[in-house]
Amino acid sequence: MGYAAQDRIHQGICMKKHPMTLAVVFALATAFASAQAQTTDSTSTDAAPVTKTKARSLDQVNVSGTLINSAQIQTATPTYTITAQDIQARGFNSVAEVLQNSVFATGAVQGPQSSGGFTQGAQTVSLYGLSPEYTLTLIDGKPISQFGQLYNGTSNFTNISNIPLSMIESIDIIPGGGSSIYGSAAIAGTVNIKTKQHMDGGEVLARFGGYTPGGGASQRISASFGKTIGKFSILASAEFDNSDPIWAYQRSLTQYNKTPVTVAFLRDYNTFRSPYTYISPADGCSAMSGLFGGTTVAAHSSVASHTGTYCGSRSVLGYTTLANQSRSYNGMLKLRYDVNDHVRIYADGLLDFQKSKWTAGSNYMWWGPADFGYVVDQATGHYLYPERVFGPEEVGNNYYGNVGRQDDLMYQGDIGANGTFGDSDWNWDLYYMRSGDVTRTSTPERMADAIDSYFLSSLGFTGQYTAGGYPIVNTANNTFFNPLSPAQYQSFMRNVGGFSSTFINNTRATVSTDKLFTLPGGDAGFAWLVEGGSQGWTQPVNPLITDGEIWGTTATAGAGTRGHVASAFELNLPLLKQVTLDLSGRYDRYSVGSGDSGSSNGKFTWKAGLEYRPFESLLLRGNYSTAFLAPDMSSLFLGPTGNYQNVTDYYLCQTQGGGKNCAQDFTEQVQGSVLANSKLKPTTASTWTAGFVWAPVQGLSIQSDFLHISISNEIALQSADQLMRTDSQCRLGALSSTSADCAAAAAQVTRDSLTGEVTNITQYYVNMSNETTNSITSEVKYQFPRSPIGRFGVQLDYNVMLKHDYQQYKGGEVINQLTNPLYSSEFKSIVSGALSWSSLNQRWSSTLYWHRYGATPNYTAMVAGYGTEGAGYLKPWITFNWSLNYSPTRKLDLSLLVNNVMNKMPPRDPTYSSFPYYNSYNYNPYGREIMAQADYRFNL
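Residues numbered from 1 in each chain as written. Predicted model: local features only at pLDDT ≥ 70, side-chain atom pairs only at ≥ 80, totals over all residues. Heavy atoms only, no water.

### Here we look at the overall build of the chain
Of the regular secondary structure elements, the chain holds 18 helices and 47 strands. Computed over its C-alpha atoms, the radius of gyration of the chain comes to 30 Å, within 12% of the 30 Å expected for a compact globule of 940 residues. Based on the C-alpha atoms only, the size of the chain along its principal axes is roughly 95 × 70 × 55 Å. Looking at the chain residue by residue over its 940 residues, the buried ones come to 55%. If you take every contact in the chain between residues at least 6 apart in sequence, the share linking residues at least 24 apart comes to 74%. Accessible area for the chain stands at about 37,700 Å²; split by element, carbon and sulfur atoms hold 55% of it. Looking at the chain, you have 62 positive and 69 negative side-chain charges, and the mean spots of the two groups are 7 Å apart. (Helix = DSSP H or I, 4+ residues; strand = E, 2+ residues; numbered from the N terminus. Rg over C-alpha atoms; globule rule 2.2 N^0.38 Å. Buried < 20%, exposed > 50% of the residue type's maximum accessible area, 1.4 Å probe, protein only. Contact = heavy atoms within 4.5 Å. Areas by Shrake-Rupley, 256 points an atom, 1.4 Å probe, with all protein chains shown as cover. Lys, Arg positive; Asp, Glu negative; His and termini not counted. Charge placed at Lys NZ, Arg CZ, Asp CG, Glu CD.)

### Some remarks on the pairing of strand E11 (residues 261-268)
A large share of E11 lies buried, amounting to 8 of its 8 residues. Judged from the 3 bridges that link them, E11 and strand E14 (residues 309-313) form a sheet pairing that is antiparallel. Residue pairing in the sheet places Thr-262 in a bridge with Gly-312 of E14. The pairing of E11 with strand E20 (residues 383-389) spans 5 bridges and is antiparallel. Bridging from a neighbouring strand, Arg-267 pairs with Tyr-385 of E20. (Pairing = 2+ DSSP bridges.)

### Quick word on the domain arrangement of the chain
Annotation of the chain at the domain level lists domain 1 (80-253 + 321-359 + 403-447 + 493-938) and domain 2 (261-314 + 365-395 + 450-481). Domain 1 and domain 2 are separated by 44 Å when their C-alpha centres are compared. Taken together, the contacts link 7 residues of domain 1 with 13 residues of domain 2. In total, about 830 Å² of surface goes out of reach between domain 1 and domain 2, with carbon and sulfur atoms giving 67% of it. Sorting the residues of domain 1 by area buried against domain 2 places Arg-446, Trp-551 and Leu-754 first, and these three jointly supply 66% of that buried surface. Linking domain 1 with domain 2 are 0 salt bridges, by the criterion used here. Here domain 1 is connected to domain 2 by 4 residue pairs in polar contact (both at pLDDT 80 or more). Among the residues making up the side of domain 1 that touches domain 2, the classes are represented as 5 nonpolar, 1 polar and 1 charged. (Domains from an automatic or database assignment. Buried area = accessible area lost by both parts, 1.4 Å probe. Salt bridge = Lys/Arg side-chain N within 4 Å of Asp/Glu carboxyl O. Polar contact = N/O pair within 3.5 Å; in protein donor to acceptor, adjacent residues only side chain to side chain. Nonpolar A, V, L, I, M, F, W, Y, C, P; charged D, E, K, R; others polar.)

### A closer look at a nonpolar patch on the surface
Together, Trp-528, Val-530, Phe-569, Tyr-587, Phe-604, Trp-606 and Tyr-624 give the surface a local cluster of nonpolar side chains, amounting to about 640 Å² of exposed area. Among the elements of the structure, strand E28 (525-539) and strand E31 (599-615) are those that each provide at least two residues to the nonpolar patch. (Patch = residues over 30% accessible without salt bridge, like charges linked within 9 Å, V, L, I, M, F, W, Y side chains within 5 Å.)

Shown next, in the form of structure tokens:
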């Protein structure tokens, strides 16, 4: 991974020798006084000056971060690039792995390990610890439609797990604001995935591998070919990718729980005047002893007052997938036809169909009296709470009978024409583009009436109810602790379908030139575009859920479309041989509906960048930009939707716990409802960078940039914690019960009339939050002189977060996300390095890739804060990848790749008392992966 155009910048510096002046001294002082930096370049976009030939004049030069169609144009914006060769040499298996291993990816994100989450079948990335929705993802400079399902059930995001790796030429990451070029969402950064553009011949690649601890076996086969025949050229590529799941029971860290987890229990709450006890199974759990591989036993609670026994097993949570089973079919087609020397017609198509399977595990497949709260024992009048978890022997096929399925179709296509205005230096480009994502799911669900009927019957339901509506049972001869047959289990199960889709339509016209007029430093460049289109999202809820026929399940639903128009310009001005100024501006307008019922939002953003080359080996650069994020589709169109979240009940803590240990003793998972807000305004941001590129000696390049991001008016859900605090103050009389705040809290926080516990929280989207980050990214790159044993190169990349403050609402506490583990477990620093070697005859090559994640808070710190006994930090997590490549002929490459060579597991955290015993948002327990690859190239 490196800085884009770094070699070209170095070459440009060497060609322009000038004495230092007072301005140089001032610029250097300013740069180093800031002492702060951010990223930059690579050699993938390097190109010689474009000559006026037919082939060159019609070729599109995809330079990230600029509208001007010329590889010679440089901006003051750092661009971080990883090439296809680097991706292979470092062992990355997917676009998600590439981006999540970048030093910018300091934030923790949900993914396949997020059991029970909303988007377990998708992956994303968090740059600088910011929300994934603040990163704009493009393919060849064109936007990708977002994933249909919502991240954490609340926000739209781009799924990066379904982009075919073999079709990629390079990936650029442009840190900071990019809205003046690309529009909405380019706040934390822009990711531009560049696909292959030209090929003369063919290539077939096959890769096979697996993990030494077990599971995750993978196979990839791809084929590409390209040909130019007269005025016509074609490039086609296809890829098949398959991988097996990794189960928690396949890793020693997650195979067993530290204490028995519930398989079945029957709690006796008496009349809620004393701690609950367990009604012990009459047979001591012998009937259930065969469940979970014969590990189910009679177990006791660790709380002394909870007497009695329940049936439990230490193996319950092992039947959870940590990595999905995945199978992808991908295709890409690029067609070009040169009408004449000045006009080219083109069409591009990219298609990915991905089938995924996973399960959240036994911890999420259970039954309890959620539909009626409790049952009442006929003999004693006590309130009882039963709970039952299903084992693999009951589910069938070693729990494969309980996997959910997701079929995701991602597509992007465009048709257009580009060329020049006669023999002038003006270029034009006109295209129509459509991108979309269609997702269908099938999830095993419990049918409420059937499962309630089955277990009420097993408890001895009398057919009667109390005045409060609780079923009356006779437990004298209950069969609740008997195992189920697979047929009995299937009697109350049903596969329930889900659907979501998104699309983007866009038509764009661009004119540009790299020779607008001549300045003392060279030719000025200019570009202008106008575009318009629409965006849509739909995620209907299955009627079985809305009708209450599914047990214990909530859903996300909504639908809507909006229009979009925009215009942008860019000027690249080489004011002097040493100084280049880059200016850009863009206006975006979004509209929903029409007439009196319609609404619209408009936003102008701009950017100014400056490059200064005081002498041949040094480049100083900086830029300032404004950016924005239009309200995402879910915040505008989300229908009433449900979720589950952990909240601290401050009211019960005060009334029952004396106000002590609230977070530890009075935090419960409750159901929530989320509602949209059609009056939302855009999130706004400003960013600036300052840094340098220095090449003091041949082969050595040092670069560093500082990045500041300030986000205002963030769209966020109302704080559940703040609602709970307000509710407590209102109920305790600290706030007037007739105040508007108390009226809102009373309407949004619902409590059980019997127990007083919270049963539901309703939240709205509002513009209320502010966020600020400061970071420095640096790179050192050195190519050693040729030696008798080959050529060596080394590269070191480093990113450190200096600041990440978050204010949830105006006037609220400013939270330091880097030091407050209650709010964030993001990495403060990430370092990566690569040592490469190639033989003198180019037949052998090898790369050792090193990745170091900085320290993060341990579990106790995340739950109770650093001031708590046992709270602290986890050690840095360091992994190594290694690859060896042998080319017996010029057309054949054979490779051996080993990821996580030392089989490092997540840092040990003895305070992590619950499954999976590590922070699954930051780490993974996959272990060592070994792969073999063959790559054959041929002429057509």
